[in-house]
Amino acid sequence: MDVMAIIRIAMRALARNKMRSGLTMLGIIIGVGAVIAMVGIGQGAQQQVQQQIAAMGSNILFVSSGTVNRGGMRMGWGATKTLVYDDMRAIMREAPAVRMAAPGSQTTAQVVFGNDNWSTNINGTEPQYLDIRNWPLQEGSNFTQNDVDMAANVAIVGETVRKNLFGATDSVGQTIRIKSLPFKVVGVLVPKGQSAAMGQDQDDTIIIPITTLQKKMTGDTWLRWIMVSADSKEASYAAQQQIEGLLRDRHRIRPGTDDDFFVRNLADIADLQDQASQVFTLLLAAIASVSLLVGGIGIMNIMLVSVTERTREIGIRMAIGATESDVQRQFLIEAVVLSLIGGGIGILFGLSSGFLISALLHWPVLISPLSIVVAAIFSAAVGIFFGFYPARKAARLDPIEALRYE
Amino acid sequence: MATFIEPGITDRPSFIAGESVIQIVDVHKTYEMGEQKVHALRGVSTEIRRSEFVAIMGASGSGKSTFMNILGCLDKPTSGHYLLEGTDVSELTKRDLAKIRNQKIGFVFQGFNLLSRTTALENTELPTLYAQLPKEERAKRAREALAMVGLADREDHFPSQLSGGQQQRVAIARALVNRPAILLADEPTGNLDSRTSVEIMDIFQKLNEERGITIVLVTHETDIAQFAKRNIIFRDGKIKTDTTVANRPRATEVLRTMPTVED
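Owing to the predicted nature of the structure, the values given are computational and were not obtained by experimental measurement. Numbering of residues starts from 1 in every chain and runs along the sequence as written. Key to labels: chains lettered from A, ligands numbered from 1, both in the order written. Totals for whole chains, interfaces and linings use all residues, but because this is a predicted model, local features are given only for residues with pLDDT of at least 70 and pairs of side-chain atoms are given and counted only at 80 or more. Values reported for side chains reflect all heavy atoms of the structure, with hydrogen atoms and water molecules removed beforehand.

Right, let's get into the overall build of chain A. Here a strand is any run of E in DSSP of at least two residues, a helix any run of H or I of at least four, and the numbering for each starts at the N terminus. A tally of regular secondary structure across chain A gives 13 helices and 12 strands. When we talk radius of gyration, it's over C-alpha atoms, and the globule rule is simply 2.2 Å times the number of residues to the 0.38. What you see for chain A is a C-alpha radius of gyration of 33 Å, clearly larger than the 22 Å of a compact globule of 406 residues, by over 25%. Counting only C-alpha atoms, chain A reaches 105 × 55 × 40 Å along its principal axes. Accessibility here uses a 1.4 Å probe with only protein chains present; expressed as a share of the type maximum, an area under 20% marks a residue as buried, one over 50% as exposed, and anything in between as partly exposed. Counting only residues that meet the buried cut, chain A has 49% of its 406 residues in that class. Pairs at least 24 apart in sequence give 77% of the contacts found in chain A among residues at least 6 apart. The contact criterion used throughout is that any non-hydrogen atoms of two residues lie within 4.5 Å.

All names here are of chain B. Where strand β3 (residues 53-58) and strand β9 (residues 230-235) come together, five bridges link them in parallel fashion. Of the residues in β9, the one forming a bridge with V54 is R230. Note on pairing: DSSP must find at least two bridges between two strands before they are called paired. The pairing of β9 with strand β10 (residues 238-244) spans six bridges and is antiparallel. Its bridge partner lying in β10, I232 is registered against D242. In this antiparallel pair of consecutive strands, β9 and β10, the connection spans two residues, and D236 shows a positive phi of 50°.

Our focus in this paragraph is the sheet that holds strand β1 (residues 20-33) of chain B. Residue and element names in this part refer to chain B. Read from one edge to the other, the open sheet built from four strands follows the order β2-β1-β4-β5, with strand pairing classed as antiparallel. For this open sheet the edge positions go to β2 (36-49) and β5 (87-88), each flanked by a neighbour on one side alone. Pairing between β1 and β2: 11 bridges, direction antiparallel. By the bridge assignment for β2, Q23 is matched with E47. Axes here refer to lines fitted to C-alpha atoms; in helices the fit is confined to the stretch in contact. Angles between the N-to-C directions go from 0 to 180 degrees. Lying over the sheet, helix α1 (residues 64-71) contacts β1, β2 and β4 (79-84), oriented at roughly 120° with respect to β1.

This part takes up the nonpolar core. Ranked by internal contacts, the top residues of the largest apolar core, which has 71 residues, are I22, I56, L71, Y82, L84 and V216 of chain B. When residues in this core are grouped by element, the largest group, eight residues, is from helix α11 (residues 324-360) of chain A. Not counting the four nearest positions on each side in its chain, Y82 of chain B is found in contact with I22, Q23, I24, I70, L71, C73, T87, D88, V89 and S90 of chain B. The criterion is simple. A nonpolar core is a set of buried Ala, Val, Leu, Ile, Met, Phe, Trp, Tyr and Cys residues joined through side-chain atoms within 4.5 Å.

This part covers the pattern of salt bridges. All names here are of chain B. Criterion for a salt bridge: a side-chain nitrogen of Lys or Arg within 4 Å of a carboxyl oxygen of Asp or Glu. Across all of its chains, the model carries 31 salt bridges over all chains by this definition. The residue E85 makes a salt bridge to R50 at a minimum N-O spacing of 2.9 Å. Taken together, the residues span a long stretch of sequence, with E85 in the loop between β4 and β5 and R50 in the loop between β2 and β3 at a distance of 35 residues. Overall, the relative accessible area of 1% leaves E85 in the buried class. The partner of E137 in a salt bridge is R141, and the shortest N-O contact between them spans 3.1 Å. Separated by four residues within a single helix, E137 and R141 lie in helix α4 (residues 135-148), roughly one turn from each other.

It is worth spelling out empty space enclosed by the protein at this point. All names here are of chain B. Detection works on a 1 Å grid of protein atoms alone, calling trapped sets that fit a 1.4 Å probe cavities and calling open sets with protein on both sides within 12 Å along at least five of seven lines pockets, with lining residues defined by an atom within 4 Å of a point. Grid points are joined across faces, edges and corners, and a volume is the space filled by probe spheres set on the points. Per the counting criterion, the structure on display carries two cavities of 30 Å³ or more. Considering only enclosed or pocket space, the largest cavity measures out at about 60 Å³ in volume. Those elements that place two or more of their residues in the lining of the largest cavity are α2 (94-103), β6 (105-108) and α5 (164-176). The leading source of residues in the lining of the largest cavity is β6, at three residues. Note on residue categories: nonpolar means Ala, Val, Leu, Ile, Met, Phe, Trp, Tyr, Cys or Pro, charged means Asp, Glu, Lys or Arg, and polar means any other residue, Gly included. By residue class, the composition of the lining of the largest cavity is six nonpolar, three polar and two charged.

As structure tokens, then:
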């Protein structure tokens with residue numbers, strides 16, 4: 001018996017009870033739609049996290065000065081003064097997995113321009129900092145090594161600072177005052193938004209030459225941090241070990257004592273974030289799958305009712321020569337047609353609700369072709385799985401009993 | 001018009017037209033209902049030859065339904081042998097039995113048993129679907145069969161648009177479409193008024209005489225049984241009498257004496 005004929009018979013049988021078939025399909029429609037939309041939301045979130053991490057750079061290591069124990073009082077990160085400029089040079093020289101490094105020191109200060117003022121982080125560093133962080137300028141240019149050597153009063157401002165100080169006026173070329181020192185604004189950073197790892201506003205910053213900060217503002221001679229980039233994400237783990245070994249050596253830390261510095265590998269954070277968003281996606285998919293399962297049970301239920309109702313028809317078909325497998329195939333195909341049509345509508349439903357969610361709630365929704373294919377296969381599988389038992393039941397009917405059934 | 005002699009017959013030289021289509025040898029059928037055993041058939045032997053027209057009668061519980069189920073390969077005998085065109089059916093698997101029902105047996109039921117919301121043509125085609133015939137052949141055969149029962153002009157009608165007699169004629173067409181060796185009719189006139197009943201018997205007589213189709217029908221109406229050539233009466237699971245009908249009425253003539261009813 002050819003499949004097209006069976007599919008035609010199945011369609012006719014389903015059309016006979018439009019209301020019932022529609023309601024049964026609704027279970028699958030909602031199930032498949034929910035899976036597609038939920039996985040879309042999960043993958044959208046995952047992609048956003050990955051993009052943020054990529055923007056931050058997953059090959060970056062952040063070395064900061066560590067904690068110190070002063071007579072039983074532990075001072076927290078950044079309290080030691082042992083991380084120095086020479087450490088950075090040594091890292092550049094002796095850690096082979098390191099590509100670039102930039103020293104950093106920082107303070108918080110009130111910044112004034114005209115009648116506006118704003119409190120922000122002032123980071124003192126060297127020009128390669130922006131390369132390490134892969135952070136381009138939207139306007140102006142970076143300060144130079146010469147500015148560092150001269151301890152020039154030049155500043156690069158982040159988008160948040162620019163907005164708060166300048167509003168609509170041009171910022172590059174203007175002079176701002178930081179702790180009553182005049183600084184010429186030479187560049188504006190492109191906005192980076194919140195950092196994926198720390199969740200703070202990365203654009204709320206001003207970057208100036210480290211020498212200017214140390215000599216003219218804080219008087220510090222030690223570093224708060226060193227920003228390091230490794231050759232690749234994979235090399236970052238080696239770089240971490242090399243830096244840790246090197247710094248323990250240079251700071252003469254005996255085995256068994258705590259480090260006086262702290263190395264944070266952004267690749268670790270990236271992995272963690274990535275894992276978290278994967279778990280999130282899985283969780284959403286699992287919850288949505290429950291509704292698909294319920295839809296499948298709905299199919300099974302309706303197919304069982306259908307088999308009972310059509311006992312006589314099954315008897316007729318058997319009497320005129322349908323084999324058990326003919327009958328089984330017929331009911332199985334009916335269940336699969338039901339679930340596939342439901343799945344098809346469910347895919348459209350999932351796509352449109354994904355579109356609505358991203359349009360109305362501004363959530364990132366990413367519906368991949370793979371998830372559509374998987375949903376289609378899954379709905380067919382649901383039909384086969386939940387249609388099997390009713391179909392088997394139909395095939396096992398005794399033709400004599402079935403013909404006598406009223 | 002195709003003849004209804006099985007093409008396979010030429011492969012079996014021992015089997016000649018007019019020879020036995022059905023041989024039943026000492027068939028018993030016992031149902032077990034819990035502890036109790038019900039003997040539905042207690043040793044039935046008979047033979048039905050090609051182009052015979054047999055009416056089977058008997059009170060309810062006489063075993064005639066069980067006998068029909070066995071003849072129709074819907075059920076297997078507990079013991080004994082049933083040879084259909086020389087093949088011992090009692091040894092076949094369910095799948096093979098389904099094939100035999102499809103190819104060698106045509107069923108006509110009391111309640112017509114047509115599929116609703118399915119046209120006369122599609123209902124007639126149904127057995128050819130399970131016979132894996134190509135599409136064109138299926139439609140061709142179904143039209144031929146409908147023409148044989150005089151319903152060529154009703155092929156697109158649904159059962160609900162047809163009278164009881166017409167529905168039963170569609171059922172007969174469906175039974176004939178695979179050119180079976182035998183037509184089994186289980187109380188085919190049970191749901192019909194007397195004039196329509198005679199019309200159905202008229203069709204049976206014509207199919208039997210003009211085309212040589214072997215017909216076995218179960219009925220409890222003596223006047224319907226009279227249209228057959230041979231009457232077998234069951235009682236207590238055995239054949240009580242087996243007689244040739246003398247002075248068999250012609251359905252065509254009987255119809256002339258009956259008042260016509262508006263269709």
